[in-house]
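Examination of the molecular architecture
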Amino acid sequence: MTRRGRLRLFLLAALVLAAGYAVACLDLPPFGGDRHPYGDRAVHAALARRTANAVASVNFDQRAMDTLGEETILFAAVLGAVVLLRRTAGEARTEPEPARVSAGVRRLGLALLPVALLVGLYVVAHGNVTPGGGFQGGVVVATALHLLYVAADYRALERIRPVSRYELGDAAGEFAYTMTGVCTALAGPAFLANVLPLGTFRALASAGTVVLLNAAVGMEVACGVVVLLATFLDQAVEIADAPGGPRSADGAPEEEPT
Amino acid sequence: MSVLPYLVAGWIFLVGLYGLVTSRDLIHAVGCLAVTQSSTYVLLLAVGYRRGGTAPVFADAPAGARVVDPVVQALTLTDIVVGATVTALLLALVVQLRKRHGTVDPDRLSELRG
Amino acid sequence: MSAFPAASALPLVVAVPLLGAAVLAVAGRRLPRVAADAVAVAFAGTAAAGALLAAAGWARGAGGAGGARGSAYAVQWLGGWRPGRGGGTGIAFVGDPLSLGLAALVSLLVIAVLAYSWRYFEEPPLPPGSPGTAGAAGRSGAFPALVLLFQASMSGFCLTGDLFDAFVFFELMGVVAYALTGLRVEEPRPVHGALAFGVVNSLGGYALLLGIGLLYARTGELGLAQLGRRLDHGGGPDALVLAAFVLVTAGLLVKAAAVPFHFWLPDAHAVAPTPVCLLLSGVMVELGAYGAFRVYWTVFAGSGGVPPEAATRTFLTVGVLTALLGAVMCWRQRHLKRLLAFSTVAHGGLFAVGAGVLSADGTAGTALYVLAHAGVKAALFACTGILLDRYASVDEHRLYGRARELPLVGGMFLLGGLALCGLPPFGTSLGKAIAEEAAGRQLPWLTGVFVLVSALTGGAVLRAGLRVFAGVGPRPRATAAETAGTERTHTGARNRDRGTDRHRERDPDRGRDGVDGGAERTPGDEVPETGGPLRRIPATMLLVPAALLAAALAVGLVPQLAAAAGRAGRLFAAHGPYAAAVLDGRAAHGSSPPAVGWTGTGAALGLASTALGAGLALLAVRGPLPEALDRVLGPLRRLQSGHIGDYVAWTTAGLALLAALAAPGTVLGR
């Protein structure tokens, strides 16, 4: 279709959809309303299981299967990205150029790195008590490691980032979460049931299996994001194009844009 | 206006779709897909809001406090992870597409027709 | 009955492949290829055993924890979060006969795919030093790990009783499918096809999520049973319920490749590795239709949802359009995998029509049709994979007569084509007969649609098979554009291990006529043979399609399956029993299941469509289509442009179309 034809088709359909959606919005309960039956039940159940963070209780206890699926999506995406961004035949590996970083940035980065790591681990560990959890903390940990890339250079990053170890960690996190469920299914009441002692409300050790699952997710997310960033950085920094450069749409070699 | 947040969610969805339809660059297109997805965050969180409610975390709030809906927050968290990972995978595809085709302009990609 | 109730096995059907994927992602690199595949088959087989046991347990009338004894539903509340007074906060896995059957189908097909790709699919070993390689063993664990993840996601999608959980599994299915489709990154087209696939399906997922948000706002629930109950008690349908229905159904129909959401499917199938096509066409697309109807029956079929007339109108219109468009486009393809892909689109439309008449026997017939179609389509793709691997081409014209030396493969291919037409006693014929009778009771001309579409798609397959395997008819004339095409080597396709890597999948030719004016590029790109072509076809690659065809035949011959489908249809196509079983634990006391089996009319119609298909095929091998017909079909072919912006525009138009179809009766004219 021509650009104009495509746009016209889209605008016509969008108009119909916008009208219908606007009318439907008028039937929605008013914004900020009081009626949240599922939410109230979830809060009640979270408090019964002595989980101060109700969101963590919903994620890792009441609807733990959703979180297993979500973690698996991350695992699958990392696996898929690693496979898709593999180095193909004809591509060469080049040594990255050392970068010049100003001393101030270097000092700041190196000072912040342990702080950020600690914050990330804190967020993971306290997921059942304060806002946070495995996903949020895992991302903080993973990106904290890359402060070394920003503050120093790529080779320093490579030294603290043996990718195969992180792939192992990624798989181990996925395995641990699933295995917890399988164990509780085989030996206990149900799949992903909360069978550990519930501890004291608002303490670090509370809410039973939420802590365990949080840790598994935290490891999986941190390692997964590191691997993901590693594959992208690899493409950007290390892998050079095949001799002759990339080909344009009709097959002729193309000039690299300057 | 008490339906404004919901209308905003619908607007974001349509704007993202518009970006996808008129895109000239596949990286821009993947970004528009992310915009489309953020409309779901807005809708979910707007649905779960309770006026005067605080975050559903009882670390410092008393046990009977008025809180917003924790379920939609959990759904949104799941949604964000899903979105980030799908974006990553699609960007990986775009990277390889640039290398094979030499372009990221969808108008110039013509290999799959008919 | 063992001490292990059937219902507890349900989450394990999903969890076991996940464990296997985690193990293979790490260990696969260190294990030899055979060991990695064996591990994958072990995990897949365990899950298959679980699904089959659960299905068998249902057949014997056993219930499970959460379902009353003798209930037809196996209900498992995950984490032990049973619904209390308020409706519960947990997620339920519900095994009703249809979902258990689909889960079993998924597992069996995955095992077939792993067996088929045993010797077929080899990823090039990575040189040492790339991130994540330990030595030069390469990533032999990645493909089986992704396939196991695919199995887990599809099983989870079938078995879950919660709408948001279904969305999560929908997205997982999508992510794995995008990665598997774009697997051959050395070629230019797979990444393009995978990207189109990814963008359109993700949009479907986000539309689904918007619909879930709207439903949650209205009812405050996420579980299918709870949603249905709340809508029942909430008064009549209004614009909000309509919007939610449109968004949710559209999201699921994107996965089901209904018109106009179907554009991603031919592109994805043309470029995905053949084992992946088996899974995509065999079961993933059908799950989209399953999801749409499951959500309709459990959520929107009550008094507060969409009235049956509006729903029928929506499903039938979309189904008929899809079936006809798929059949017509199928006929015009030279590229065998795209031909089969459009045939899947067409059959998906027939499934939508069969289930869209909203009756128990229509659903039962569609279930049988889906089961048998999975076997037949997977077998056809498997045969096409053999052709690709042997001749480095899947172009019907270029392969003319070359495959005469493969009589076994040719026989299976032609048999598959006949089964697609509806030759009795294949299961496709039985399912088609029951579904078209149910549809014909509603609207008599729907029977004609069934006959025509199955004849067209089966005929196209027969035409291709006759040309390729038997050299029937005159050799197709090469067009001027083709003979002038240049041959170019593709840098990406060069493989370092030429000698040993015989099984490498090669980029198939573009299968398009140069006849259609300036809209299409002339084919001319050919990838030279890298390693030697396949000398001897491995036994697994022959056994798998044979087994699949035999299974499709069995679906039509085994009367217990038909009876089980009848009961499954009765339970599926009803609103009340689901919620009663899931929320109250009450056993399903329904009316007696429809009598489902071979009838004289059904068999006669099957023979008629087979004869029509064979006749069309024999006519077609004589020469190309008449010019006038070609000109009419030209605009349709141009729609399939490969441009992502086009596909998104059509998806938006499809959303509007669904809204327009479902509105009368729901909000307008009440």
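Structure shown above.
What you see as residue numbers is a count from 1 along each chain, following the sequence as written. Labels follow written order: the first chain is A, the first ligand is 1, and so on. In keeping with the model being predicted, local features are shown solely for residues with a pLDDT of at least 70 and side-chain atom pairs are shown and tallied solely at 80 or more, while totals for entire chains, interfaces and linings include all residues. For the side-chain quantities, the full set of heavy atoms in the structure was used; hydrogens and water were omitted.

Turning to the overall build of chain B, a few remarks are in order. Helix and strand definitions here come from DSSP, where helices need a minimum of 4 consecutive H or I residues and strands a minimum of 2 consecutive E residues; each element is numbered from the N-terminal end. Per the secondary structure count, chain B includes three helices and zero strands. Secondary structure elements of chain B, listed N to C terminal, follow the sequence α-α-α. Between the two quantities, the radius of gyration covers C-alpha atoms and the globule rule is 2.2 Å times the number of residues to the power 0.38. Relative to the compact-globule value of 13 Å for 114 residues, chain B shows a C-alpha radius of gyration of 19 Å, a clear excess of over 25%. Considering only C-alpha atoms, chain B reaches an extent of 60 × 30 × 20 Å along its principal axes.

Moving on, we come to the environment of D584 of chain C. All names here are of chain C. With respect to the helices and strands, D584 occurs in helix α20 (residues 576–584). Each residue is placed in one exposure class: buried if its accessible area under a 1.4 Å probe, protein chains only, is under 20% of its type's maximum, exposed if it is over 50%, and partly exposed if it falls in between. Overall, the relative accessible area of 38% leaves D584 in the partly exposed class. We call two residues in contact whenever any of their non-hydrogen atoms come within 4.5 Å of each other. Beyond its immediate sequence surroundings of up to four residues, D584 is in contact with R229 and A579. A polar atom in the side chain of D584 sits 2.7 Å from the side chain of R229. Pairs of N or O atoms within 3.5 Å make up the polar contacts considered here, provided that, within protein, one atom can donate a hydrogen while the other can accept it, and that residues adjacent in sequence are counted only when both atoms are side-chain atoms.

Across the contact, 38 residues belong to chain B and 52 residues belong to chain C. Accessible area that two parts lose when put together, evaluated with a 1.4 Å probe and summed over both, is termed the buried area. A combined buried area of about 4100 Å² lies between chain B and chain C, and 74% of that area is made up of carbon and sulfur atoms. Salt bridge, as used here, is a side-chain nitrogen of Lys or Arg placed within 4 Å of a carboxyl oxygen of Asp or Glu. On inspection of chain B and its partner chain C, the count reaches zero salt bridges. Residue assignment for the side of chain B that touches chain C shows that the elements contributing at least two residues are α1 (4–21), α2 (26–48) and α3 (70–101) of chain B. With 16 residues, α3 of chain B is the largest single contributor of residues to the side of chain B that touches chain C. Residues are grouped as follows: Ala, Val, Leu, Ile, Met, Phe, Trp, Tyr, Cys and Pro are nonpolar; Asp, Glu, Lys and Arg are charged; every other residue, Gly included, is polar. Its residues assigned to classes, the side of chain B that touches chain C shows 22 nonpolar, 10 polar and six charged.

To continue, consider helix α9 (residues 264–271) of chain C. Because an α-helix packs 3.6 residues into every turn, residues spaced three or four apart end up facing the same way. The buried count for α9 of chain C comes to eight of eight residues, which makes it a mostly enclosed element. Of the residues making up α9 of chain C, those classed as buried are W264, L265, P266, D267, A268, H269, A270 and V271 of chain C.

Here we take up the pairing of strand β1 (residues 74–77) of chain C. Where a strand is regular, its side chains alternate between the two sheet faces. Residue and element names in this part refer to chain C. What you see with β1 is no split at all: A74 and Q76 on one side and V75 and W77 on the other are buried throughout. Only strands that DSSP links by at least two bridges are regarded as paired with each other. Note: β1 against strand β2 (residues 92–95), four bridges, orientation antiparallel. Bridge pairing links Q76 to F93 in β2.

Attention now moves to the interface of chain C and chain A. Between chain C and chain A, the residue contacts involve 80 residues of the former and 65 residues of the latter. Of the roughly 6200 Å² buried between chain C and chain A, counting both surfaces, carbon and sulfur atoms make up 71%. Here R86 of chain A ties to E186 of chain C by a salt bridge, and the two come within 3.1 Å at their closest N and O atoms. In this structure, the connection of chain C to chain A is made through 11 residue pairs in polar contact (both at pLDDT 80 or more). Ranked by the residues each element gives to the side of chain C that touches chain A, the list is headed by helix α1 (residues 9–27) of chain C, at 11 residues.

Counting 328 residues, the largest nonpolar core has M65 and F191 of chain A together with F150, W264 and F300 of chain C as its most contacted members. The residues touching F150 of chain C, leaving out its near neighbours within four places in the chain, are M173, V176, A177, L180, L279, L280 and M284 of chain C. We call a set of buried residues a nonpolar core when its members are Ala, Val, Leu, Ile, Met, Phe, Trp, Tyr or Cys and they connect through side-chain atoms within 4.5 Å of each other. Counting residues in each nonpolar core, the second largest holds six residues, with V43, A46 and A54 of chain A together with V67 of chain B among its members.

Aromatic pairs are defined between Phe, Tyr and Trp rings, using the six-membered ring for Trp, whenever the two ring centres lie within 6.5 Å; interplanar angles under 30 degrees are classed as stacked, those over 60 as edge-to-face, and all others as tilted. With the rule as written, the count across this model stands at 21 aromatic pairs over all chains. Taking 6.3 Å as the distance between ring centres and 45° as the angle between the ring planes, the aromatic pair formed by Y38 of chain A and Y216 of chain C counts as tilted. Here Y38 of chain A is found in helix α2 (residues 37–48), whereas its partner Y216 of chain C is found in helix α6 (residues 188–219) on a different chain. The class for Y216 of chain C is buried, based on a relative accessible area of 3%. Ring geometry for F157 of chain C against F170 of chain C: centres 6.5 Å apart, planes inclined by 50°, an arrangement best described as tilted. Here F157 of chain C is found in helix α4 (residues 142–159), whereas its partner F170 of chain C is found in helix α5 (residues 163–181), with 13 residues between them in sequence. The same class applies to F157 of chain C and to F170 of chain C, which are both buried. Put simply, the rings of F245, F293, Y296, W297, F300 and F315 of chain C pair up and form one aromatic cluster. Here, over-ring charges are defined by two tests on the NZ atom of lysine or the CZ atom of arginine: distance to the ring centre within 6 Å, and angle to the ring normal within 35 degrees. Against the face of F170 of chain C rests K255 of chain C, its NZ or CZ located 4.6 Å from the ring centre. In this arrangement the basic side chain of R463 of chain C is found over the ring face of W331 of chain C, its NZ or CZ atom lying 5.3 Å from the centre.

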